[in-house]
Structure formats: C-alpha cells, structure tokens
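Coordinates in review
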Amino acid sequence: MAHRTPRIERNTLHDNTSAIPVGSPLWFKWLEANNAFLFHHEAGSFTARKERRKRGGWYWIAYQSRRGKLSKKYLGRSEDLTLERLYEAMQRLIGSSQPEYNEQDVLFSGFGPPPLPRHHQSLLERRALLQRLEHSIQAKLTLLTAPAGSGKTTLLAMWYAAQRERLPLFWVTLDARHNELSRFWDAIWNALLRCRGVALSTQLYSTPQMSPETVLASLLNNQPRGVLVLDDYHVITEPRIHAGLEFLLAHMPPDLHLILSSRTVPPLSLGRARMYGELVELRAEDLRLQTDEVEQFLQLTLGERLTAEEYALIDARVDGWIAGLHMMALALQGQERPGEVLDCFTGSQRSLFAYFAEEVFAQQKPDIQHFLLSTACLTRLTPALCTAVLATGNDQIWSEMLLELERANLFLVPLDEERQHYRYHALFAEFLQEKLRRSAPEQVTLLQERAARWHAQQGAWDEAIEGFLSAGEIEDACALIERYGEELIWKRGEVGRLSGWLLRVPDIGSGRRPLLDLWYAWTLLLSGKGEVSKLEALLTCLAGSASLQGDIAALRARLAAFQQKHELVVHFSQQALQLLPMERALLRADIAFGLAGAYAHLDEAYRLLTEALRSSRAAGSLRSALFASRYLAANCVNQGRLVEAQTLLAQAFHIAGVREQDRVPVTAVVHVGLAELLYERNELEAALQQAIMGVELGEQSGEIKAVLTGCCIQALIYAALKKPEHAWELLWKAEQVAIVGQVPWLHDQLVATTVQVALAQKDVGSAKRALYRLGIDDSPFPERDDFRLLLARVWLAEGRYEDVVQLLEGVYETAQEEKHLRNALLARTMQALALNELSRQKQALSFLRQALAAAETAGYRRLFLDVHDSLLVLLEHPVLRRYAARFQVVPRAETERLSKREVEVLRLVAAGLSNQEIADELCLALSTTKSHVRHLCQKLGAQSRLQAVARARELNLL
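Residues numbered from 1 in each chain as written. Predicted model: local features only at pLDDT ≥ 70, side-chain atom pairs only at ≥ 80, totals over all residues. Heavy atoms only, no water.

Within the protein chain one finds 51 helices and 14 strands. Within the protein chain, buried positions represent 53% of all 958 residues. Counted over contacts in the protein chain with a minimum sequence separation of 6, partners at least 24 positions apart contribute 63%. For the protein chain, the accessible surface area stands at approximately 42,800 Å², while carbon and sulfur atoms represent 50% of it. (Helix = DSSP H or I, 4+ residues; strand = E, 2+ residues; numbered from the N terminus. Buried < 20%, exposed > 50% of the residue type's maximum accessible area, 1.4 Å probe, protein only. Contact = heavy atoms within 4.5 Å. Areas by Shrake-Rupley, 256 points an atom, 1.4 Å probe, with all protein chains shown as cover.)

Below, the structure written as structure tokens:
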C-alpha cells in the first residue's frame, strides 16, 4: 500500500494511524519523529518539510507551488510550530504569489478569438464587410446581429487578425456561465486591464463578492483604450448585466470601442446611440452572401464541377446563409451527380442544415461517426477528456482524431493555436446531440457521467456539477455542491450560479439535505429573491441540525441586518461567533465586520474588529485583514489613540509584505487610512501624498471604498491648504464614482465632507443643500449624534448659537459613554464657541480648556482647526494661550504685527523664491532678507519657510 503524506485539516493532523490536534503535546512529539506533512486550509495548502541547516539543527520549511513557481517560507523549529504559525505561513505564501498573465490560460478562457483554420487562405475575404468594421470603430458601438451560422465570429476573427498589429484589441467569448454578474465583469476586467499589468490580485479573488459596480468604477478610472469584442452576447439574459453595459456605454472613455456579436438584438437602450451616430449595425442581410460570393466559395471547395443552373439553384436554396452553404458543399463532395442531391431538398434553413448534415455524417467512416456522437455532449473537447468519455484509446489517438476532423472542416472550431482545445459549431453540436438522443438515448447519461467524473478529477467543479446534474447523478452533484458551496458564496460571490444548481436538486428545502438547504437559504437571502416567510420556514426546517447551528445563527444575523433589527443582529452574531469553528475564518470575519457596525460602543467594536483581523489572517485573506486593520485604526483615532492607530497601519503594510512607499494595489485602503491619520495631526503634505497614492492604487485594484474615501480626505486636505477648486474637483469625482458604484453606505461620508469643504469657503448655502440630501432640516433634531454634529457646524456658521447649544445637549455625554472621544471633544468645542457668542464666556472657557487638554494627550489637531474661525478669538484668552502654538494656530495679535515689508517677503516666499531671489526682487541685502524671513517665521510660530506659508494660508494672510 502506498504511503500517504500526513495532512492537517480542520486543525487536526491525520496520519495513517491517528488524529492529533495541532498544538497538543502529542503534536510536538509527532513533529520530533517525522519529517513532512501537508497543511490544507480553505485558503490553500502547502507542504512542510524538516531540513537540516548548515549551522546545525533541524528546521521546518513550508513549500508551495503555483503555476510552476515554487515558493518557500521559514517556519522554525518543531517547538515553534503552533497553529498560529501555520496560518501565518499560509497567509504569507498567498501574499507572495501574485497572479501571472498566461496567454494559454487566456485563450482557453475565451480571452481571444478562435484561431482561423489553417487553410484560411481559402476563406472568402469579404473585403467590403471588413472595411465597414474598420470604419465602425470611429463610433462607440458596433453591433453584429444575425442567426447562428451567419459567419459573425469568423468575420470578426479575420478583422481581428488584420488589425491586431495596429490597434489594442481585446476579445471575450461569452457562454451561459457569464450570466453570473461577478463572472461577466471579471471577464471584462481581465480582457481590458490584465494585459496592461492591472491584474486582479489573488487577495481580491479570495474575498467575497467583488461587486460589478467596483469593476465598472475601476474600468472608467483606468481609462482603457482599444477595441473590446464581446462574442455570443445572446447568451446573456441577466438584466443587471444589460443595465451595467448600458452605463459603461454611456460613460465609455473616448478611446474605447465596443463590438457586440449576437444572434438576437440585445435588450439595450440604443435609441440615443442611433440618433447621435454612436452606433454602427451589421445585420443578417449585411452578412448574407452575394451570388458571386456563393459561386466563389463553391469553386474554392468543389472546383469547376457545377453548372450555371446548379450554382443558381444552390444560391436560391441557401439564401446567402454561410453555414448552410458550407454544409451543402461538404455533402456534395464526391457526388457524381450533384444536381440529383439538390433536387431532393426543399425547406427552411435549419432543415437544410440538418438534411445536409445527415448527408455529411453518412459519408464518414464508422469510427468517426462513433467519435462524433460520443463527444456530442461536450462543450469543450480535449484529447484527455475524449479518452475519459470514450473509455478507450489514449490521448495521442484522440489528438490525431481532432486534427483529422479539423482538416476535414467538420465544423470543429479550435480554441487555441496548439490545437489542444476545440468545440463543435453550435448548429453541428445540436445536430449531433439530437441524433444521439434518437439513435442511442441510453448512452446520453452515461457519456455525461463520464465527462463529469473526469472534470471532478481535474478539479473543474463547475463542469463536474453541471455534468452530474445533467446525467441525473444527483448524489454526486450534491456531494460536490456541499463541498464547494461555501467557496461560491464567500470567496467568489457566485450566488446566482449556486442557486441555479440547487433549484435542480429534487426536494431542495425539504430538510433531507441540511447543508444544501443551508446554501439554498443563503442564496435566497443574498440574492434578495427570498420572502421572509420562506426563509423562516427553511431555518425552522434546519433547526434540528446540530452541526449547523453556527451557520443558522449567521443566517439569522444577516436576515436581521436586512430588516434593520440591530438588537437581533448583535444577538445572533454573537451566537454565531461562539458556535462556528475557527477554521470557518471567512464567514467569521464577515460576521465580525457586520457586528462591529451594529455597535455604537467603540470598545466592543474594537474587540470585534480585532477578531475580524485575526480570522482574516488565519484564512489567508489579505484584503479582509487590511480592511480590518484600517477600520481598527479609524476606531483608535475616534477613541483618541492615534499612536496605536499608526502602529496598526504600519502593521498592515507588514502583513501585506510591503513598505509604506511601495505601490501595491491591495494596500490602497491602508494608504487612505494613513492619510486620514496624518490629516488629523495636521501633517497636510504627507497626508496628501498618502491620499493620492491610495486613490491611484484603489483605481488600479478596483477597490471602490479606497477611491471614495481617498477622494473625500483629499478634498479636506485641499480645503485646508486653501485650494478650493481642487477640493470641489475631488468631491465631484467622488460623486461620480458613488453614482457608478451605487454605494449608499458611503453617502453619509460624502455629504459630511461636502459640508466641511463648503463651510471652509464660507458657503453656507452649499452646506445646507448637502444636508438636505441626508434629510436633515431645521426640525425636528436628527436622532443620530453624527448628524447633530454636522448640523451644528452649519448653525455655527449661520450664527444660530442658542440652537447649537440645544442641539448638542446630551451629545457629549453619549459620546463619552460610547468611548467616542473625538465626537465628545467636537461637541464640547462647538458648545464652547456657541456659549462664548452668547456672552457665557466662563462656561465656554471651561468647556474649551477641557477639550484642548484631552486633545493634547490624544494628538488631535484638525478636529479644532476645522470647526470655526471664532476658535482663534477664544485661543487669545490668557487661559488658553498656551494651546495656540500646539495647535498651530497663531493669535491674531502676533499676525497683526507683521510689517508691510514682512508681508511682501511672505508673498515672495509663498511664490517659491529663494532668499537671494527675494533680495534681488526687493533690492535688499541678503542678510536683511534672511532677517525678515526669520522674524515672520517666529511671528507665525513656524519652524521652516514651508510651515510659515502653510500657516499663513490657514490664517487667510495669503
């Protein structure tokens, strides 16, 4: 019996004789006596080997092979191999293996036209149509609509081959699987951006539901150029895909052109495009062969064997249909009297094809007939798959058979240049399948089952499940769905595909197969297609399954979140986290994120985000880990722990295996988080650099959260730097991205930023209009404290001081209870400013001194600088004067003492002139100029020329 390498699954080591929990005394004893094991986890796997180092001693090394590339990570000595160390190694191996562009993978996946036949010189040139295609790219969209067999794909492939040296060209061949939103937009993303090195990273692939809105936003931001061909668009029936494509057409970059090839007119709103000349259409009548083309084709294939009457008869019968003409030519090859064959047929185009296909089939040798029928059910043909389905021969035999069929032009389409992957023409496949059903119906399910088992052995789960379901092998299909369902939901987000399979399972939802019923409940909930009563019935049915209680609690938590029942969200989320095992890391991380959002108390949110970070790292989900780090840092900023926030963000870069200055797309959210932290510290130039990098990397990775939040923080920075035009430009960009992405959860932040930027420009009207978008008006007071704080900013600017005091009553106390120090200090500061204007200065000074003292410890700066200009007046009071320099605010008494000459020098410094250039400009001695610069820096409380200019702008001196 062959020795099997011991493997770790679900935190337990399984060798040939026993099961040992990892981390137990038996585990460490086992490590001392053994030299290798396989670590398997939902995020991936690696092989660990014990090796002797040159300096002596045995150490464990983790090895992982991906795409032929071997990666390794140091694990340590046997006593170091805790479960956490193994999870960390898994995460580091995943993070170091970036996806590589592989042309062969792209071709096999439909990212390229089918190769032209090797004898393509005999194809009709169709020069007029090729010229129309070439001219059509001046418009936005070219639409080819014609029935099957009209030559659409061949025409486009010929044009593609002729233009590929001149234009950037991208091709996607669609199939029924692309009706899944995530698959469709992922295909578009890869076609347009992957070749430019803007690839979706494995970190994004390993996390749930990369939304189509994210891809759309990223596509627009990356400004792709060239021609994108979507072949077989008629297979798309998902309305949301049509809607997304319409939006892409409406906002398409000027250097991008789209070609759609379809058997039917797609359900897109094309009226405007037709009206404005943005659409070029080629229909069936345009692709129909002319009489001279029919004659030319027959001469190429049959030679000079037909009479003029026979040419005319064929022309009349095929009516310009290329597939029918092709099949007729095959049937007439070798016929002594072609006219007799032609006289036997009358009927429609479809029946014409079937009639002559029967003739062509009958001409083939028995072994070829057997091969054609046995492989009729296959969507893709490879030599190895043919070996499995026919259960005879070998890969070499069937490779030669496929080449022979291609040379015979038997409607076999090659899918790669190496001729290892093929498919039958759709019409010929339909003919063969129907013939198989009529001649040997008992063989259909057997052949489908063989194909499914081969796909399962290759790890092609989608094809295997589809095959088992088609063959009626329900139990095999269910076993794979049970194993594969969680990945489809939480890693790939293909809820619709999973739902389609489950609906084909008899008795789904009956309780007979609890795990499948669980996946079914998730698909109903996440797709929005399940009524609450139906979901409740399913959950009741599952209640008796002891092993699924954690999953059921997670489902109930998500259902409660959809119903906005926050108390139930908390209850069921906590229950789920208690019941779900630690290796269900992705689901636990999702629950922790949702639960953190349900808590107002920041200590509890901190604990949950810490759990999400730990679970994400254990699962090897780098993206989730970086988001958890970013939100933890934001939580710390709100609690006044800015040093800890910086440590968390630095740790996030370390988790990603990069340095802060490295440009790695997946770290976009970390750069934005760092920008927010630096902005709060009033380190504006450094904050701006991080924000710009965060947005750029977010656009590359398609991470819409990074783009939106990055635009918002950039807008605040530019407003602080007195560059309002840049601030409004960034807000406009954020608004457009939000519209594309339809992101309601960031709407509040966008409005809050707009209010602050407007108030920084003394534009109260724009600030009030932004508030109305949140439904905030004068009365009644908003229930949410963050909305009250936002409204208080506007009322301060309007001089409604009594209203501000009433509005903020209780906000400080609530923020204190929730450990939200930033909101507490903001409320106290605005109360102080309002009270001071109401001549209640003693209370105002008390409130403001209390806030400033707390902020001094925490490190807040912009919190105060962004509130209101009246803060400058209060800071001149002797009680508060010591805080002025700390908060980089210079009392007016100092700035008013700037001499006329110092103001002139300040303006020239701001213009970027050196001391010598300023001296020359003002006709001063260099030493005098230096003295002026030194004095104005002292008066502005600045340590450098750059700081002096920044502070002068803050004080409106420039």
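Anyway, onward from the coordinates.
Turning our attention to the confidence of the model for the protein chain. In the predicted model, the protein chain carries a mean pLDDT of 80, and the fraction of residues at 70 or more is 82%. Here residues 97-109 scores under 50 on pLDDT; set against residues more than four positions off or in separate chains, the count is 24 contacts. Between residues 195-210, whose pLDDT stays under 50, and residues either more than four places distant or in other chains, the model counts 58 contacts. (pLDDT = per-residue confidence, 0-100.)

A few words on the nonpolar core. Judged by nonpolar contacts, the single largest core of 158 residues is most densely connected at Trp519, Trp522, Ile717, Val755 and Tyr860. The leading source of residues in this core is helix α35 (residues 704-720), at 13 residues. If you look at the next biggest cluster of nonpolar residues, it comprises 34 residues, including Val360, Leu385, Leu432 and Ala440. (Core = buried A, V, L, I, M, F, W, Y, C linked by side-chain atoms within 4.5 Å.)

For the rest of this paragraph, the subject is unusual backbone geometry. You will see that Lys722, though not glycine, has its phi angle at about 60°, which is positive. Along the polypeptide, Lys722 turns up in the loop between α35 and α36 (724-741).

Take the packing of helix α48 (residues 900-910) against helix α50 (residues 926-940) next. Relative to each other, α48 and α50 sit at 90°, their axes nearing to 10 Å. With respect to α50, the axis of α48 lies roughly perpendicular. Seen from α48, the contacting residues are Arg901, Glu902, Val905, Leu906 and Val909; seen from α50, they are His932, Val933, His935, Leu936, Lys939 and Leu940. In terms of residue class, the contact of α48 with α50 is made up of six nonpolar, two polar and three charged. (Axes fitted to C-alpha atoms, helices over the stretch in contact; angles between N-to-C directions. Parallel < 35°, antiparallel > 145°, perpendicular 65-115°, else oblique. Nonpolar A, V, L, I, M, F, W, Y, C, P; charged D, E, K, R; others polar.)

To continue, consider the pairing of strand β9 (residues 169-173). The buried fraction of β9 amounts to five of the five residues, a majority that puts the element mostly inside the structure. Across five bridges, β9 lies against strand β10 (residues 226-231) in parallel orientation. Residue pairing in the sheet places Phe170 in a bridge with Leu228 of β10. (Pairing = 2+ DSSP bridges.)

So, about helix α26 (residues 532-542). For α26, the set of buried residues is Leu535, Leu538, Leu539 and Leu542. The buried residues of α26 occupy one face: seen down the axis, they fall within an arc of 95°. Set apart from the buried face of α26 by more than 90 degrees, the exposed residues are Ser533 and Thr540. (Arc of directions from axis to C-beta.)

On the basis of which strands lie adjacent, the open sheet formed by five strands has the order β9-β10-β11-β8-β12 and parallel pairing. Sheet topology places β9 and β12 (279-282) at the edges, where each strand pairs with a single neighbour. Within this sheet the neighbouring strands show an average axis-to-axis angle of 15°, counted without direction. Bridging between strand β8 (residues 141-145) and strand β11 (residues 256-262) involves five bridges; their strand directions are parallel. Across the sheet, residue Leu144 finds its bridge partner in β11, namely Ser261. Along the sheet, helix α5 (residues 152-163) makes contact with β8, β9, β10 and β11, crossing β9 at roughly 155°.

To continue, consider helix α33 (residues 668-680). The end-to-end C-alpha distance of α33 is 19 Å, a good match for the 18 Å that 13 residues give at a rise of 1.5 Å each. For α33, a buried count of twelve out of 13 residues is recorded, marking the element as mostly surrounded by other parts of the structure. Those residues of α33 lying buried are Ala668, Val669, Val670, His671, Val672, Gly673, Leu674, Ala675, Leu677, Leu678, Tyr679 and Glu680. In the stretch just after α33, Asn682 is the one whose phi turns positive, near 70°. (Expected span 1.5 Å × (residues − 1).)

What the rule picks out here adds up to 30 salt bridges. Close ionic contact of Glu134 with Arg166 constitutes a salt bridge, the shortest N to O distance being 3.6 Å. Here the residue Glu134 occupies a position in helix α4 (residues 127-136), and Arg166 occupies one in the loop between α5 and β9, the gap between them amounting to 32 residues. Linked by salt bridges that have partners in common, Glu475, Asp507, Arg512 and Arg513 make up one network. (Salt bridge = Lys/Arg side-chain N within 4 Å of Asp/Glu carboxyl O.)

Pairs of aromatic rings are described using the distance from one ring centre to the other and the angle between the two planes. In the structure shown here, the tally under the stated rule is eleven aromatic pairs. Where Phe184 meets Trp185, the ring centres are 5.0 Å apart and the plane angle is 90°; that geometry is what we call edge-to-face. Trp185 shares its class with Phe184; the two are buried. Both rings, one in Phe361 and one in Phe431, keep their centres 6.3 Å apart while their planes meet at 70°; by these two values the pair is edge-to-face. (Phe/Tyr/Trp six-rings, centres within 6.5 Å; stacked < 30°, edge-to-face > 60°.)

What follows is about the pairing of β10. Of all six residues in β10, six are buried, a share of seventy percent or more. Side chains of β10 alternate between two faces, with Gly226, Leu228 and Leu230 and Val227, Val229 and Asp231 buried alike. Each parallel crossover has a hand, and the one from β10 via helix α9 (residues 239-250) to β11 is right-handed. (Right-handed = clockwise from strand over helix to strand, strands pointing away.)

All right, on to the environment of Ala62 then. Along the polypeptide, Ala62 turns up in strand β6 (residues 58-66). The exposure class of Ala62 is buried, given its relative accessible area of 0%. As a C-alpha pair, Ala62 and Phe39 span 23 residues in sequence and 9.1 Å in three-dimensional space. In this structure Ala62 touches Phe46, Thr47, Ala48, Ser71, Lys72, Lys73, Leu75 and Leu93, once residues within four positions along its chain are discounted.

Here we take up the side chain of His257. Among the secondary structure elements, His257 is positioned in strand β11. Take His257: its relative accessible area is 2%, and that puts it in the buried class. Engagement of the side chain of His257 in a polar contact is seen with the backbone oxygen of Lys140, the distance being 3.1 Å. Among residues more than four places away in sequence, those in contact with His257 are Ser136, Ile137, Ala139, Lys140, Leu141, Thr142, Gly226, Val227, Leu228 and Met252. (Polar contact = N/O pair within 3.5 Å; in protein donor to acceptor, adjacent residues only side chain to side chain.)

Let us now look at the environment of Ser499. You can see Ser499 is positioned in helix α24 (residues 495-502). By relative accessible area, Ser499 is classed as buried at 17%.

This next bit is on the environment of Thr754. When you line up the elements, Thr754 lands in helix α37 (residues 747-760). Taking relative accessible area as the criterion, Thr754 reaches 11% and is therefore assigned buried. A sequence separation of 42 residues divides Thr754 from Cys712, and the C-alpha atoms of the two residues are 8.4 Å apart. A distance of 2.8 Å separates a polar atom in the side chain of Thr754 from the backbone oxygen of Leu750.

Take the side chain of Arg788 next. Along the chain, Arg788 falls in helix α39 (residues 785-798). Buried Arg788, no salt bridge; nearest opposite-charge side chain is Asp785, N-O distance 4.7 Å. Engagement of the side chain of Arg788 in a polar contact is seen with the backbone oxygen of Leu807, the distance being 3.0 Å. For Arg788, the contacting residues outside a window of four places in its chain are Phe781, Pro782, Leu807, Leu808, Glu809 and Val811. (Lys, Arg positive; Asp, Glu negative; His and termini not counted.)

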